[in-house]
Amino acid sequence: MEKSKRDVDEAAMQSSSGRKNGGWITFPFIIATMAGLSLASGGWNSNLIVFLINEFNMKSIKAAKVYNVVNGCTTLFPILGGIIADSYLGCFSVIWISSLISALGILFLLLTAAIDVLRPAACDDGSSLCTSPSKHQYAVLYVAMGLASLGVAGTRFTIAPMGANQFDNPKHQAIFFDWYIFAFYTSFAISTTAIVYVEDNISWSWGFGISLAFNILGLAMFLIGKRFYRHVKEQGGSPFVNLARCIVAAIRKWRVPLSEQTQSYYHDPSDTTTITTSPVPTKFFKFLNNAAFITEGDTKSDGSIRNPWRLCTVQQVEDLKSLIKLFPLWASGLLISTQLVMQSSLLILQALKMDRHMGPHFEIPAGSMLVFIMLFTCIMIAIIDRLLYPFLAKYTHFSITPLQRIGIGHALTIVSMAVSALVESRRLRLVRSHHLQGQNGAIVSMSVFWLVPQLALNGIGEGFHFPGHMGFYYQEFPASLKSTSTAMVALFIGIAYYIGNGLIDLVQRLSGWLPDNINDGRMDNVFWLCCVLGSANFIYYLVFSSLYKYKNMDNKPNDVPSK
């Protein structure tokens, strides 16, 4: 008898150990997948405007609009990938199917670059008469970009919850998100330099071919690790339908007087934890408690629900409430992302008007300055994971919460905008002192490396708030919506692109701060405006973050996993 009990205990310990260490076994496969797919997407996306102008004879404004649409798709559509993963297929299926779709899209781009009949005739040097693409050429191009964008949207933010699912400890999940962002930014930085160089100096076919190879490699690494993954089963049913049922059921019974008795509310018979932890729905948004309140005729003779649009479980009601509580914090991400979008877009205009020479023969491409943001983000993530967390775990009992980490990112972003304003003020003083106003091609004798401090602060801030956002939403979202949780970050980034464009249009209509020639404007005031908006948003964030109570917080100090 004792031997049998000992065997059971040993088996349980081995199983627990396997669950604990399983995340680190799958870690290299998932990170390699993210790196390969990011190299692929960066290879075709980063230089897309140049490809459209040079190979498809598009006007610059039209090419920029197409580029914005593509980026809008890759940042807004991840929410659809998360919904499909949560509702029907699961993360694993969504990722490998989306990877195939993106590979097919890059293959079509490769064909447009390699086969002459799939693109218009090249413009002669100095000629203003360029042949526009035919309908068939446009069709192949748009199908290629559509498939590639859809594939990126289905993988980039679905890989994140897939990887976090491999860990039980929230601290280890937070570490995974750090290295997920590190792999994403590092790979994107490499692709925007190395693969773009191949496209500009060797051929587009080689550039797209390398991107396709990395996409296939990323997919292969993902499939190789399949035997080690956890939580790859199909979900079966949509959690979003359950949320809608809660609202409908609450409205249908809004006049019913509620009770404080546990037996008056319906619990899922298979969910014993909810009965223990939340026997009665919380008083927050008490109106929704009507959805779980049992009235005559709501249940069958066997105790099951007769009509799910009239009666829901307590857990479903609490899941809906948790999303309502998260919304104010999620909304704060819109403005912090808008600041970053504004800075990134205006940075290119600044760089084009500054001295970009590094030595007598090399000139830094204006778009390559964005690599500094990625570089400092990766450096900060490595410092946080390898130095800050181990130091706090060893010498203090202080643990950085996800909301504190996001708050640090907010503050650094505001400082970055202030530095941007100061640097632009100095550049404009040089413009006036050298009488360069009104000269469209005038370059200020000020090194482009003056922009590095603001980009460094931007990157360091992203190293705090980007992984912080992903870890926070993954931790606090209902269990049935884990795949959608990280896509919510992509959603506010995508919306921020449109808010940023709207803010630029508003500034142009109401002031002279942003003329076509920025040497004649006051871009420094635009940065100060962003600084003011960011400060107001930060105060808003502090208020709601101080009121928020964690649902799934591990209150232990920072711990560092043994590998």
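Within each chain, residue numbers correspond to sequence positions counted from 1 in written order. It should be noted that, the model being predicted, local features are given only for residues of pLDDT at least 70 and side-chain atom pairs only at 80 or more, the latter also being counted only at that level, while totals for whole chains, interfaces and linings use all residues. Calculated side-chain values reflect all of the structure's heavy atoms, with hydrogen atoms and water omitted.

### Some remarks on the overall build of the protein
Under the DSSP-based scheme used, a helix requires at least four consecutive residues in state H or I and a strand at least two consecutive residues in state E, with every element numbered from the N terminus. Looking only at helices and strands, the protein has 17 helices and 2 strands in total. Three labels apply to residues, based on accessible area from a 1.4 Å probe with only protein chains included: buried if under 20% of the type maximum, exposed if over 50%, partly exposed otherwise in between. Expressed as a percentage of its 563 residues, the buried residues of the protein come to 51%. Each accessible area is a Shrake-Rupley estimate made with a 1.4 Å probe; only the visible protein chains count as cover when residues are assessed. As displayed, the protein offers around 26100 Å² of accessible surface, 65% of which is attributable to carbon and sulfur atoms.

### Let's talk about the pattern of salt bridges
The working definition used for a salt bridge is a side-chain nitrogen of Lys or Arg within 4 Å of a carboxyl oxygen of Asp or Glu. Applying the stated criterion across every chain yields a total of 7 salt bridges. Linking arginine 310 and aspartate 298 is a salt bridge whose minimum nitrogen-to-oxygen distance equals 3.1 Å. Pair noted here: arginine 310 is in the loop between α11 (272-277) and α12 (314-352) and aspartate 298 is in the loop between α11 and α12, with a separation of 12 residues, a long-range link. Residues arginine 522 and aspartate 524 are paired through a salt bridge, measuring 2.8 Å at the closest nitrogen-oxygen approach. Where salt bridges share partners, they join Lys253, Asp298 and Arg310 into one cluster.

### A word on the state of the cysteines
By disulfide we mean two sulfur atoms from cysteines, separated by a distance within 2.5 Å. Tallied over the full model, the rule gives 0 disulfides. Considering cysteine sulfurs only, cysteine 312 is the nearest to cysteine 246, which forms no disulfide, with 3.9 Å between them. The exposure class of cysteine 312 is buried, given its relative accessible area of 0%.

### Brief notes about helix α17 (residues 523-547)
Look at α17: 37 Å from first C-alpha to last across 25 residues, which is about the 36 Å you get at 1.5 Å a residue. When we look at burial in α17, the residues that qualify are Met523, Asp524, Val526, Phe527, Cys530, Cys531, Gly534, Asn537, Phe538, Tyr541 and Ser545. Note on contacts: a residue pair is in contact if any heavy atoms of the two residues lie within 4.5 Å. The secondary structure elements touched by the buried residues of α17 are α12, α14 (402-433) and α16 (482-510). Expected helix span is given by 1.5 Å per residue-to-residue step, counting one fewer step than there are residues.

### Some points on the pairing of strand β2 (residues 444-447)
Burial along β2 is one-sided: Val444 and Met446 are buried, while Ser445 and Ser447, pointing the other way, are not. By this definition, two strands are paired if DSSP reports at least two bridges between them. Both strand β1 (residues 354-355) and β2 contribute to a ladder of 2 bridges, which runs parallel. Its bridge partner being in β2, methionine 354 is matched across the sheet by valine 444.

### Comments concerning unusual backbone geometry
With a phi close to 50°, phenylalanine 285 is a non-glycine residue in the positive phi region. Here phenylalanine 285 is to be found in the loop between α11 and α12.

### Overview of empty space enclosed by the protein
Cavities and pockets were defined on a 1 Å grid built from protein atoms only: a cavity is a group of points that admits a 1.4 Å probe but offers it no way out, a pocket is an open group of points flanked by protein on both sides within 12 Å along at least five of seven lines, and a lining residue is one with an atom within 4 Å of any such point. Grid points are joined across faces, edges and corners, and a volume is the space filled by probe spheres set on the points. Here the structure, examined in full by the defined rule, presents 4 cavities of 30 Å³ or more. Approximately 100 Å³ is the volume attributed to the second largest cavity. Elements represented by at least two residues in the lining of the second largest cavity include exactly α1 (2-45), α5 (91-114) and α6 (135-155). Top contributing element to the lining of the second largest cavity by residue count: α1, with 6 residues. Its residues assigned to classes, the lining of the second largest cavity shows 7 nonpolar, 7 polar and 1 charged. Classification convention: Asp, Glu, Lys, Arg as charged; Ala, Val, Leu, Ile, Met, Phe, Trp, Tyr, Cys, Pro as nonpolar; all other residues, Gly among them, as polar.

### Some points on the nonpolar core
Grouping buried Ala, Val, Leu, Ile, Met, Phe, Trp, Tyr and Cys residues that are joined through side-chain atoms within 4.5 Å yields what is termed a nonpolar core. With 92 residues, the main nonpolar core has Met162, Phe176, Tyr180, Phe466, Met470 and Phe472 as its most contacted residues. If one sorts the elements of this core by residue count, helix α8 (residues 170-201) sits on top with 11 residues. Aside from chain neighbours lying at most four places away, what touches phenylalanine 472 is Leu326, Leu329, Pro402, Leu403, Ile406, Tyr548 and Tyr550. The next biggest cluster of nonpolar side chains, apart from the first, holds 24 residues, and it includes Met58, Leu141, Ala144 and Leu212.

### Some thoughts on the packing of aromatic side chains
Note on ring pairs: Phe, Tyr and Trp rings are taken, using the six-membered ring of Trp, and paired if centres are within 6.5 Å. Classes follow the plane angle, with under 30 degrees stacked, over 60 edge-to-face and the rest tilted. Evaluated as defined, the whole model comprises 30 aromatic pairs. Geometrically, the ring pair formed by phenylalanine 472 and tyrosine 548 is edge-to-face, given 5.5 Å between the ring centres and 70° between the ring planes. Of this pair, phenylalanine 472 sits in helix α15 (residues 452-476) while tyrosine 548 sits in the segment after α17; the two residues are 76 residues apart in sequence, bridging distant segments of the chain. Of the two residues, phenylalanine 472 and tyrosine 548, both sit in the buried class. Every member of this aromatic cluster is reached through a ring pair, and the members are Phe27, Phe167, Phe176, Phe177, Tyr180 and Tyr474. The rule is short: NZ of Lys or CZ of Arg within 6 Å of the ring centre and within 35 degrees of the ring normal puts a charge over the ring. A cation over an aromatic ring shows up here: arginine 426 above the ring of tryptophan 450, its NZ or CZ 4.2 Å from the ring centre.

### Details of α8
Helix length check: α8 (32 residues) gives 46 Å between terminal C-alpha atoms against 46 Å at 1.5 Å per residue, within 8%. To get the bend at a residue, fit one axis to the 7 residues ending there and another to the 7 starting there, then take the angle between the axes. Serine 191 marks where α8 bends most, by close to 30°.

### Focus on the packing of helix α4 (residues 78-89) against α16
To get an axis, fit a line to the C-alpha atoms, keeping to the stretch in contact for a helix; angles then go from 0 to 180 degrees between the N-to-C directions. Across the interface, α4 lies against α16 with an axial gap of 8 Å and an inter-helix angle of 175°. Here α4 is positioned roughly antiparallel relative to α16, judged by the angle of their axes. For the pair α4 and α16, the contacting residues are Pro78, Ile79, Gly82, Ile83, Ala85 and Asp86 in the first and Lys482, Ser483, Thr484, Ala487, Met488 and Ala490 in the second. Oblique is the label for any angle not under 35 degrees, not over 145, and not in the 65 to 115 range, which are roughly parallel, roughly antiparallel and roughly perpendicular in turn.

### A short note on the side chain of glutamine 137
If you trace the backbone, glutamine 137 turns up in helix α6. A residue is classified by how much of its surface remains accessible, and glutamine 137, at 10% relative accessible area, is buried. Leaving out residues up to four positions away in the same chain, glutamine 137 has contacts with Phe56, Val117, Leu118, Arg119, Pro120 and Ser132.

### Regarding the environment of arginine 386
With respect to the secondary-structure elements, arginine 386 resides in helix α13 (residues 371-395). For arginine 386 and isoleucine 175, which are 211 residues apart along the polypeptide, the C-alpha to C-alpha distance reads 9.9 Å. Among the polar contacts made by the side chain of arginine 386, one reaches the side chain of aspartate 385 at a distance of 3.1 Å. For the purposes of these results, a polar contact is taken to be a pair of N or O atoms within 3.5 Å, where, inside protein, one atom must be able to donate a hydrogen and its partner to accept one; residues adjacent in sequence count only when each atom of the pair is a side-chain atom.

### Details of the packing of α12 against α16
Viewed as axis vectors pointing N to C, α12 and α16 meet at an angle of 55°, and their least axial separation amounts to 7 Å. In this view, α12 runs oblique relative to α16, as classed from their interaxial angle. By crossing handedness, the relation of α12 to α16 is classed as right-handed. Contact residues: Trp330, Gly333, Leu334, Ser337, Thr338, Val341, Met342 and Ser345 in α12; Met488, Leu491, Phe492, Ile493, Ile495, Ala496, Tyr497, Ile499, Gly500, Leu503 and Ile504 in α16. Residues belonging to the contact of α12 with α16 are distributed by class as follows: 14 nonpolar, 5 polar and no charged. Here a crossing is called left-handed whenever its near helix is offset anticlockwise from the far helix by less than a right angle, and right-handed whenever the offset is clockwise.

### Some thoughts on a nonpolar patch on the surface
Only residues whose relative accessible area exceeds 30% and that take part in no salt bridge are eligible for patches, with like-charged residues grouped when within 9 Å of each other and nonpolar side chains (Val, Leu, Ile, Met, Phe, Trp, Tyr) grouped when within 5 Å. A contiguous nonpolar patch, built from Leu104, Leu107, Leu111, Ile115 and Val117 and spanning about 390 Å² of accessible area, is present on the exposed surface. You can see valine 117 is positioned in the loop between α5 and α6. On the basis of relative accessibility, which here comes to 66%, the residue valine 117 falls in the exposed class.

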